Amino acid sequence: MENVFMNPLRLRSNGTSPSQPSINYAELLHIILSVIPEYRAALDINEYGLLVVIIIGFLANQLALIVMIKLCHIPMYNYMTALAVVDSSVLLGPCLIRWLLTQDIDIRAHDTALCRILYFQTHWSFAMSAWILVAMTLDRFVAITFPLHARHLSTPRRARVVILILGLVLTLVNCHFFFNMEVDGQSKVCIGYESYDNFLQSIWPWIDATVYSFAPFFFLFVFNILIIVNYRHYSRINVTLTSRGNHFSQQQGSSNSNRRLTVLLFTVTFSFILLTAPRALLTIIRYDVFNFKPKPNVVDFKILARYTLTSSIVNMLMFINHGINFFLYCLTGKKFRHQLTHIFSKISRNFKRPTRNSRIAPSENGTNLSIYFKRQNSVIENINCAQNNQENEV
């Protein structure tokens, strides 16, 4: 995956002396491209579309996180909890940085340490999100293929250990950003050291695409096919065996639960592939379809503008993938919907619960007063009767 918030052209200070007038090549490039409709459309997508994705996606991820924490006794929901955290990191990291660039704010350029941290966080969170999905798929594969051992192989504790291992491995993969990035003193841009130009421009994009897209796509495709095959096979066996026993309803309930979790996983996996595959495809075809530098010192600005628009669209789809899971859970997760409904019902009851010092409603007040006066009249009648009896006795 290509860096989603690098400028279309990598602009390094050309080493002009202080006596020479400094030229802001990025600003000059922006002025030239602004007359091309495709580039202006790309600017609108980045300025308005990304902001909507950040706000809605982040709030949705927080709701998903609140619900998932209540369901962490189920192994798969531990992965979904981690996924909500990582997706929020994507929206508040690279997505927010890209939107800030549309407002002429580059927070990475303030300090070299911040530059390195944000580059690391960007690539780590993208990759972590993809591999959590792979871990979820593997967990479902174990539950479907080895149903008798799933209780021991698939546990909440084991899920947390897998998440921790994935995080450490991806930290090692992306830790090079702590050593090869800097803020250029003249251009004030967060870029790599010149000695790492070949690695960062030619080698790393393919490594990153493999870690974020190609390898996860392969494992998701293979294990989902195996899950479908094994699920159909064991479903037929399960129906045959349980129809002869006395525990059919219990087995049927377990089978339905497995089916719902599997459908939820398929939905999230399909969404991930559908929304992130264009980014991987663009990495492959970029130099063949969008070769905006046919010669070392020549730039075709129309092709560059079309590439910028295409890149903005596929990046938008990729960011949507990190903010849409809550809605997919609501659509396909019955247990998730029940837990979400329970949380909102509890909140609603807390708001409606009257306080100790609250006043009685008018209708209730009128009812209570009428009861009070009826009781007073009854007491007065009893007193009058007693007095009459005493008079009669006298």
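The rules behind these values
Along every chain, residues carry numbers that run from 1 in the direction the sequence is written. In view of the model being predicted, local features appear only for residues whose pLDDT reaches at least 70, and side-chain atom pairs are presented and counted only at 80 or more, with totals across whole chains, interfaces and linings using the full set of residues. Excluded from the side-chain calculation are hydrogens and water; included are all heavy atoms of the structure. Only DSSP runs of H or I with at least four residues qualify as helices, and only runs of E with at least two residues qualify as strands; both kinds are numbered from the N terminus onward. Buried means the residue's accessible area, taken with a 1.4 Å probe over protein chains only, is under 20% of the maximum for its type, while exposed means over 50%, and partly exposed covers the values in between. Nitrogen and oxygen atoms within 3.5 Å of one another constitute a polar contact, given that in protein one can donate a hydrogen and the other can accept it, and given that sequence-neighbouring residues count only through two side-chain atoms. Axis geometry follows a simple rule: fit a line to the C-alpha atoms, using only the stretch in contact for helices, then measure angles between N-to-C directions, giving values from 0 to 180 degrees. The handedness criterion is simple: a crossing whose near helix is rotated anticlockwise from the far helix by less than a right angle is left-handed, and one whose near helix is rotated clockwise is right-handed. Contacts between residues were defined by any pair of non-hydrogen atoms, one from each residue, lying within 4.5 Å. The classification used treats Ala, Val, Leu, Ile, Met, Phe, Trp, Tyr, Cys and Pro as nonpolar, Asp, Glu, Lys and Arg as charged, and all other residues, Gly among them, as polar. Expected helix span is taken as 1.5 Å per residue step, with the number of steps being one fewer than the number of residues. Buried Ala, Val, Leu, Ile, Met, Phe, Trp, Tyr and Cys residues that are joined via side-chain atoms within 4.5 Å together make up what is termed a nonpolar core. A pair is scored as a salt bridge if a Lys or Arg side-chain nitrogen falls within 4 Å of a carboxyl oxygen belonging to Asp or Glu. Each patch is built from salt-bridge-free residues with over 30% relative accessible area, joining like charges within 9 Å and nonpolar side chains (Val, Leu, Ile, Met, Phe, Trp, Tyr) within 5 Å. Note on areas: Shrake-Rupley with a 1.4 Å probe; residue coverage comes only from the protein chains shown. Each aromatic pair joins two rings of Phe, Tyr and Trp (for Trp, the six-membered one) with centres within 6.5 Å, and gets the label stacked for planes under 30 degrees apart, edge-to-face for over 60, and tilted for any other angle. Disulfide assignment relies on a single distance test, namely cysteine sulfur atoms paired within 2.5 Å. Scored from 0 to 100, pLDDT records how confident the predictor is in each individual residue.

Caption draft 1: Region of interest: the environment of tyrosine 119. With respect to the helices and strands, tyrosine 119 occurs in helix H4 (residues 112-145). Accessibility expressed as a relative area gives 4% for tyrosine 119, which makes it buried. Placed 58 residues apart in sequence, tyrosine 119 and phenylalanine 177 show a C-alpha to C-alpha distance of 6.5 Å. Engagement of the side chain of tyrosine 119 in a polar contact is seen with the side chain of arginine 108, the distance being 3.5 Å.

Caption draft 2: Structural detail: the packing of helix H3 (residues 75-102) against helix H6 (residues 156-174). At a minimum axis separation of 7 Å, H3 and H6 run at an interaxial angle of 30 degrees. By crossing handedness, the relation of H3 to H6 is classed as right-handed. On H6, the residues touching Pro75, Asn78, Tyr79 and Ala82 of H3 are Pro156, Ala159, Arg160, Val162 and Ile163. Of the residues belonging to the contact of H3 with H6, the class tally is seven nonpolar, one polar and one charged.

Caption draft 3: Geometry of H4. Under the 1.5 Å per step criterion, the end-to-end length of H4 is 49 Å for 34 residues, consistent within 8% with the ideal 50 Å. Summarising burial for H4: 28 of the 34 residues are buried, a large majority. Where H4 begins, one side-chain oxygen reaches toward the backbone nitrogen of alanine 113, 2.9 Å away; that side chain belongs to aspartate 111.

Caption draft 4: Inspection of the nonpolar core at higher detail. Judged by nonpolar contacts, the single largest core of 59 residues is most densely connected at Met80, Ile132, Met136, Tyr329 and Phe336. Ranked by size, the runner-up nonpolar core spans 12 residues in total, among them Leu29, Ile303, Ala305 and Tyr307.

Caption draft 5: Up close: the pattern of salt bridges. Counted according to the given criterion, the structure contains one salt bridge. Across the pair aspartate 106 and arginine 108 runs a salt bridge whose closest N-O atoms are separated by 2.8 Å. For the residue pair aspartate 106 and arginine 108, the accessibility class agrees, reading buried in each case.

Caption draft 6: Looking closely at a nonpolar patch on the surface. Taken together, Leu51, Val52, Ile55, Ile56, Leu59 and Phe327 make up a surface patch of nonpolar side chains, about 530 Å² in accessible area. Residue contributions to the nonpolar patch peak at five residues, all from helix H2 (residues 37-70). Summarising the element assignment, leucine 51 is placed in helix H2.

Caption draft 7: Structural context of the packing of aromatic side chains. Inspection of every chain in the model, using the stated rule, returns 18 aromatic pairs. Between phenylalanine 126 and tyrosine 212, the aromatic rings sit 5.4 Å apart at their centres with planes inclined by 65 degrees, giving edge-to-face as the arrangement. Of this pair, phenylalanine 126 sits in helix H4 while tyrosine 212 sits in helix H8 (residues 197-242); the two residues are 86 residues apart in sequence, bridging distant segments of the chain. Phenylalanine 126 sits in the buried class, given a relative accessible area of 0%. Residues phenylalanine 217 and phenylalanine 272 carry aromatic rings whose centres are separated by 5.7 Å and whose planes lie at 75 degrees to one another, so their mutual orientation is edge-to-face. Taken together, the residues span a long stretch of sequence, with phenylalanine 217 in helix H8 and phenylalanine 272 in helix H9 (residues 248-289) at a distance of 55 residues. Given a relative accessible area of 17%, phenylalanine 217 falls into the buried group.

Caption draft 8: Examining the state of the cysteines more closely. Under the criterion given, the structure shown has one disulfide. Between the sulfur of cysteine 115 and that of cysteine 190 lies a disulfide, 1.7 Å long from S to S. An S-S torsion of about 60 degrees defines the bridge between cysteine 115 and cysteine 190 as right-handed. Of the two residues, cysteine 115 sits in helix H4 while cysteine 190 sits in strand E2 (residues 190-192), which places them 75 residues apart along the sequence. Overall, the relative accessible area of 0% leaves cysteine 115 in the buried class.

Caption draft 9: Seen up close, the packing of H4 against H6. Put simply, H4 and H6 touch, their axes get as near as 9 Å, and they point 140 degrees apart. With respect to the hand of their crossing, H4 and H6 are arranged in right-handed fashion. Contacts between H4 and H6 involve Phe120, His123, Trp124, Ala127, Met128, Trp131, Ile132 and Ala135 from the former and Val162, Ile163, Leu166, Gly167, Leu170, Thr171 and Asn174 from the latter. Residues belonging to the contact of H4 with H6 are distributed by class as follows: 11 nonpolar, four polar and no charged.

Caption draft 10: A look at the confidence of the model for the protein chain. Counting all residues, the mean pLDDT for the protein chain is 81, and 77% of those residues have values of 70 or more. When pLDDT is averaged over each helix and strand of the protein chain, the minimum, 51, is found for helix H13 (residues 362-393) and the maximum, 95, for H6. Within the model, the stretch residues 5-21 combines pLDDT values under 50 with 37 contacts to residues more than four positions away or in other chains. Within the model, pLDDT remains below 50 along residues 358-366, and this stretch shows two contacts once partners closer than five positions in the same chain are excluded.

Caption draft 11: The arrangement of the side chain of histidine 322 in detail. Along the chain, the position of histidine 322 falls in the loop between helix H10 (301-321) and helix H11 (325-332). Classification of histidine 322 by relative accessible area gives buried; the value is 0%. Of note is the side chain of histidine 322, whose polar atom sits 2.8 Å from the side chain of aspartate 87. The residues contacting histidine 322, other than those within four sequence positions of it, are Asn61, Asp87, Val90, Leu91, Phe126, Ser129 and Tyr212.

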